[in-house]
Amino acid sequence: MSKMDNIKNLNSLKKNYKEFDKILKILLIIGIVIISGFIIYAFLTPRPGYWYLGILNSDKKAENYPTEAAVNANITFYISVGNYLNRDFSFQIEILKGDNDTVLGSSPSLNATSFVNSSTITLLHGAEWISSAFNVTFSDPGNNQSIIAELWEIPSVGVRRFYDVVYLRLNITS
């Protein structure tokens, strides 16, 4: 290779490097703009709301739930609800009793017997509620007896709407 060919190759290499440098700068600026857009969107978009429904034991704690009870023995528990839906939330709690035939899932319980309904309660955003004590007894022995608490929204207009379910499974002995 001649000296002239080497100089041409070197000039071509420098030209390619300058073009690559320009493209890289443009891509970096585009990337910064896109990332900035995501960051601004994340700060300006409100968090989606949520609620919680829970069963508390007789000491108003979410622990040490009973798993066994005798026939006609009182099982005491409380229900707690928290509203973080970014709006007021009006609801009712329905307490049901179930057995092996009861179907529990993400919809209202099937083959369960309604035991008691609470009055309508309205919680402001950020508020939490704990019920008065519920006492449930079972008159027949059996495995997989259930105490079920369903959360139903009561809108100001329209029909009540199922929201959530929690339950305890018990073995009832004679």
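Above this text you will find the structure in question.
Residues numbered from 1 in each chain as written. Predicted model: local features only at pLDDT ≥ 70, side-chain atom pairs only at ≥ 80, totals over all residues. Heavy atoms only, no water.

Sorry if this is basic, but what is going on with the pattern of salt bridges here?
Between side chains of opposite charge, a pair can form when the charged atoms approach closely. Throughout the structure, instances matching the rule amount to 4 salt bridges. The structure contains a network of salt bridges with shared partners spanning R87, E153 and R161. (Salt bridge = Lys/Arg side-chain N within 4 Å of Asp/Glu carboxyl O.)

I would appreciate a short explanation of the side chain of S146 in the present structure.
Along the chain, the position of S146 falls in strand β9 (residues 142-153). You can call S146 buried: its relative accessible area is 0%. At 3.2 Å, the side chain of S146 and the side chain of R169 are in polar contact. (Helix = DSSP H or I, 4+ residues; strand = E, 2+ residues; numbered from the N terminus. Buried < 20%, exposed > 50% of the residue type's maximum accessible area, 1.4 Å probe, protein only. Polar contact = N/O pair within 3.5 Å; in protein donor to acceptor, adjacent residues only side chain to side chain.)

Would you explain unusual backbone geometry in this entry?
Trans peptide bonds make up most of the peptide bonds, and negative phi angles are found at most residues other than glycine. In the Ramachandran plot, K60 falls in the positive-phi region, its phi being about 60° despite a non-glycine side chain. Position of K60 relative to the elements: it lies in the loop between β1 (50-56) and β2 (68-70).

How do you make sense of a nonpolar patch on the surface when you look at a structure like this?
A cluster of nonpolar side chains, contributed by I23, I26, L27, I30, I34, I35, F38, I39, I40, F43 and L44, occupies part of the molecular surface with about 1200 Å² of accessible area. Structurally, the position occupied by I35 is in helix α1 (residues 3-44). (Patch = residues over 30% accessible without salt bridge, like charges linked within 9 Å, V, L, I, M, F, W, Y side chains within 5 Å. Areas by Shrake-Rupley, 256 points an atom, 1.4 Å probe, with all protein chains shown as cover.)

Hey, could you run me through the environment of W51 in this one?
Inspection of the secondary structure assignment puts W51 in strand β1. Taking relative accessible area as the criterion, W51 reaches 31% and is therefore assigned partly exposed. Residues W51 and S109, 58 residues apart in the sequence, show an inter-C-alpha distance of 20 Å. Setting aside residues up to four positions removed in sequence, W51 forms contacts with G82, Y84, L85, L151, Y163 and D164. (Contact = heavy atoms within 4.5 Å.)

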